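If you want the building blocks of each chain, they are given just below.
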Amino acid sequence: METADSHQVVIAGGGPTGMMLAAELALAGAEAVIVERRATQEVEGSRAGGLHARTLEILDMRGIVERFLDAGQTVQITAFAGIPLDMADLPTRHRYSLALRQAEIERLLAGWVAELGIPTLREREVTGLEQEEGGVVVRLSDGGSLRADYLVGCDGGRSLVRKAAGIAFPGWDPSVSSLIAEVEVEEQPERSIRYTEEGTQAIGPIGAGPRVRVVVTETYAGQGQPTLDDVRRALVSVWGTDFGAHSPTWISRFTDAARQAEAYRRGRVLLAGDAAHVHYPVGGQGLGTGVQDAVNLGWKLAQVVRGNAPEALLDTYHAERHPVGARVLQATMAQTALTRRDPRSDALRAVVAELLAMEEPRRTYAAMQSGLDIRYDLGARAGEGHPLLGRRMPDLDLVTADGPRRVFGLLRDARPVLLNLGEAGALRTGRWTDRVRLVDAAHDGAWRLPVLGEVPAPEGVLIRPDGHVAWAGGPDDVELPEALAAWFGP
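Remember, predicted model here, so these are calculated numbers, not experimental data.

1. Topic: the layout of surface pockets
Part 1: By volume, the second largest pocket amounts to about 400 Å³.
Part 2: Along the wall of the second largest pocket there are 29 residues; nearest its centre are Val324, Arg327, Met368, Asp373 and Ile374.
Part 3: Elements represented by at least two residues in the lining of the second largest pocket include exactly strand 3 (50-51), helix 7 (286-305), helix 8 (315-338) and helix 10 (359-369).
Part 4: A per-class count over the lining of the second largest pocket returns ten nonpolar, twelve polar and seven charged.

2. Re the pairing of strand 23 (residues 403-406)
Part 1: Looking at chain direction, strand 22 (residues 397-400) and strand 23 are connected through four bridges and run antiparallel. Following the sheet pairing, Val399 is matched in strand 23 by Pro404.
Part 2: Between strand 22 and strand 23, which pair antiparallel one after the other, the connecting turn spans two residues.

3. With respect to a nonpolar patch on the surface
Part 1: Residues Val351, Leu355 and Met358 make up a contiguous nonpolar surface patch of about 260 Å² in total accessible area.
Part 2: Position of Val351 relative to the elements: it lies in helix 9 (residues 343-356).

4. A look at the environment of His468
Part 1: Note on placement: His468 falls in the loop between strand 28 (460-463) and strand 29 (469-473).
Part 2: Given a relative accessible area of 5%, His468 falls into the buried group.
Part 3: Taking the C-alpha atoms as reference points, His468 and Ala28, 440 residues apart in sequence, are found 16 Å from one another.
Part 4: Non-local contacts of His468, meaning those with residues more than four positions away in its chain, are made with Arg54, Ile374, Tyr376, Gly390, Arg391, Arg392, Leu462 and Ile463.

5. Brief notes about the sheet that holds strand 14 (residues 192-195)
Part 1: Across the sheet, five strands lie side by side as 14-15-16-13-17; this open sheet has antiparallel pairing. Edge positions in the sheet fall to strand 14 and strand 17 (246-255), since each of these pairs with one other strand and no more. When strand polarity is set aside, the average angle formed by the axes of neighbouring strands in this sheet is 10 degrees.
Part 2: The pairing of strand 15 (residues 200-205) with strand 16 (residues 211-219) spans four bridges and is antiparallel. Bridged to Ile203 within strand 16 is Val214.
Part 3: Packing of helix 6 (residues 228-239) onto the sheet brings it into contact with strand 13 (176-184), strand 14, strand 15, strand 16 and strand 17, and relative to strand 17 it is tilted by some 80 degrees.

6. A closer look at empty space enclosed by the protein
Part 1: As enumerated under the stated definition, the model contains three cavities of 30 Å³ or more in all.
Part 2: There is about 70 Å³ of room inside the largest cavity.
Part 3: If you go around the largest cavity, the residues you meet are Arg54, Ile58, Gln292, Val295, Asn296, Arg321, Gly371, Ile374, Tyr376, Asp466 and His468.
Part 4: Counting only elements with at least two residues in the lining of the largest cavity, the list comes to helix 2 (53-61) and helix 7.

7. Remarks on unusual backbone geometry
Part 1: At Phe243, a residue that is not glycine, the phi angle is positive and equals roughly 55 degrees.
Part 2: Residue position: Phe243 is located in the loop between helix 6 and strand 17.

8. Details of the packing of aromatic side chains
Part 1: Scanning all chains against the criterion turns up five aromatic pairs.
Part 2: Aromatic side chains Phe254 and Tyr280 sit 5.8 Å apart centroid to centroid with 50 degrees between the ring planes, which places their arrangement in the tilted category. In this pair, Phe254 is assigned in strand 17 and Tyr280 in the loop between strand 21 (277-278) and helix 7, connecting sequence segments 26 residues apart.
Part 3: On the accessibility criterion, Tyr280 (10% relative accessible area) is buried.
Part 4: Through a chain of ring-to-ring contacts, the aromatic side chains of Trp299, Trp487 and Phe488 assemble into a single cluster.
Part 5: One Lys or Arg, Arg162, reaches over the ring of Phe169 and ends 3.6 Å from the middle of that ring.
Part 6: In this structure, Arg268 packs its charged tip against the face of Tyr150, placed 4.8 Å from the ring centre.

9. Some words on helix 8
Part 1: In this model, helix 8 (24 residues) spans 36 Å end to end at C-alpha, consistent with the 34 Å of a helix rising 1.5 Å per residue.
Part 2: Remark: the principal bend of helix 8, roughly 25 degrees, maps to Arg321, with a proline, Pro323, within the next four residues.

10. Focus on the side chain of Glu36
Part 1: Checked against the element boundaries, Glu36 lands in strand 2 (residues 32-36).
Part 2: Among the polar contacts made by the side chain of Glu36, one reaches the main-chain amide nitrogen of Gly14 at a distance of 2.6 Å.
Part 3: Aside from chain neighbours lying at most four places away, what touches Glu36 is Gly13, Gly14, Gly15, Thr120, Leu121, Arg122, Glu123 and Arg124.

11. A short note on helix 7
Part 1: Taking 1.5 Å as the rise per residue, helix 7 with 20 residues should run 28 Å; its terminal C-alpha atoms sit 28 Å apart, in good agreement.
Part 2: The sharpest bend along helix 7 measures roughly 30 degrees and falls at Leu297.
Part 3: With respect to burial, helix 7 is a largely interior element, 20 of its 20 residues being buried.
Part 4: In the segment just after helix 7, Gly307 is the residue with positive phi, at about 80 degrees.

12. Examining the pattern of salt bridges
Part 1: In total, this model carries 32 salt bridges according to the counting rule given.
Part 2: Glu24 is the partner of Arg62 in a salt bridge, and the nearest nitrogen-oxygen pair spans 2.8 Å. Taken together, the residues Arg62 in the loop between helix 2 and helix 3 (65-71) and Glu24 in helix 1 (residues 16-27) connect sequence positions 38 residues apart. Here Arg62 matches Glu24 in class, with each residue buried.

Calculation notes
Residues numbered from 1 in each chain as written. Predicted model: local features only at pLDDT ≥ 70, side-chain atom pairs only at ≥ 80, totals over all residues. Heavy atoms only, no water. 1 Å grid on protein atoms, 1.4 Å probe; cavity = no way out; pocket = protein on both sides within 12 Å on 5 of 7 lines; lining within 4 Å. Points joined across faces, edges and corners; volume = space filled by probe spheres on them. Helix = DSSP H or I, 4+ residues; strand = E, 2+ residues; numbered from the N terminus. Nonpolar A, V, L, I, M, F, W, Y, C, P; charged D, E, K, R; others polar. Pairing = 2+ DSSP bridges. Patch = residues over 30% accessible without salt bridge, like charges linked within 9 Å, V, L, I, M, F, W, Y side chains within 5 Å. Areas by Shrake-Rupley, 256 points an atom, 1.4 Å probe, with all protein chains shown as cover. Salt bridge = Lys/Arg side-chain N within 4 Å of Asp/Glu carboxyl O. Buried < 20%, exposed > 50% of the residue type's maximum accessible area, 1.4 Å probe, protein only. Contact = heavy atoms within 4.5 Å. Axes fitted to C-alpha atoms, helices over the stretch in contact; angles between N-to-C directions. Phe/Tyr/Trp six-rings, centres within 6.5 Å; stacked < 30°, edge-to-face > 60°. Lys NZ or Arg CZ within 6 Å of the ring centre and 35° of its normal. Expected span 1.5 Å × (residues − 1). Bend = angle between axes of the 7 residues up to and from the residue. Polar contact = N/O pair within 3.5 Å; in protein donor to acceptor, adjacent residues only side chain to side chain.

Put into structure tokens, the structure is as follows:
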């Protein structure tokens, strides 16, 4: 592992997940390189259209959320199958969704990655890999190769890394196919959304010119790469005319296939983002789930490659994130069924809408859709300990010796924090002083969590770099040293 082309981590894929992972590794002091097939960060076609609250919180923890807020538009709702869910009472500073195209999201992330000095090898793809003792040989499309301690596949739903590692991708085959395109038209249509037995059909102008965006959904029948003729036929089938469609900017197709990798790790190869899970885009959770994969994995992988923690720490990545991905797939499949419009689906949708208008279901599903309700199972103690354990730490306003601080402001450098809220000096980091930051602080006010509501304030909290609570208790709690050792090395 000492050759010039050797790296601690090679990341296959430079989309949002790959860039977020690279940034997390850099902040934690690990060295990584991104391998990306695109010559630039330009995004082809229409992809994700925004960010949910928990992803915004993560960007806030790293001190870059304002870049995204300045570029997008906040909306104080999220939705389940298009049924709006008010977020105004969720206990977060970001009680909204952010409308922002993936092209802008990637541009902003790429700027941050460049500031952190992370190299990207462009116009290259990973074409193969061989796991060896102590590392991975990564074959590239230009005939070259890299050596890495670990390889992370962030290379999308058709992930070569996943296939080469022999990781199965079970799930459900597609039932519908959605065609999405930007084209010019001879006859300008009015903005229109229609719902059919197949799903959502929509068309609308882009600006004042002849260009329109089209989304049409049809029963899946093994459709291949889409063409302009496919767009024209689909328009005729829904609106009775193709509006003289011509000169496409881009055309793409996606389905409601739902699949999840059976393992997020095999040896020294790991998966994140769409390489680990794919689903229909209804609900808009795909990009955020991938970013959250990266933030869960980054600090763990950095500790392992730097020799501060045993390799077994990486097993917690699958244990924590696989259930989250499975729940997203389940919720997405339910929403896909509700987007269809036939008498039985309409009846079901009306019942679900009535339920979601009630306070408790609304709060529960708004928290789920926005990613604020995630709780990692940290073992038997999670069921017995403080309600905070395994959940996201709320962004409290603190009083410290250095003045007012926010909890998220303590996590800018992706370093764990032991927050002492009792008597000054009552908690100590002990042998972990060089790895865990100790902050004595005071907080005056209630502690509120999504779904649960108000919870008792602990005297101390151990916050992981991903913002989740690893321990909550008092100065006499013998489990604090155990938690420090389990998460941040012996």
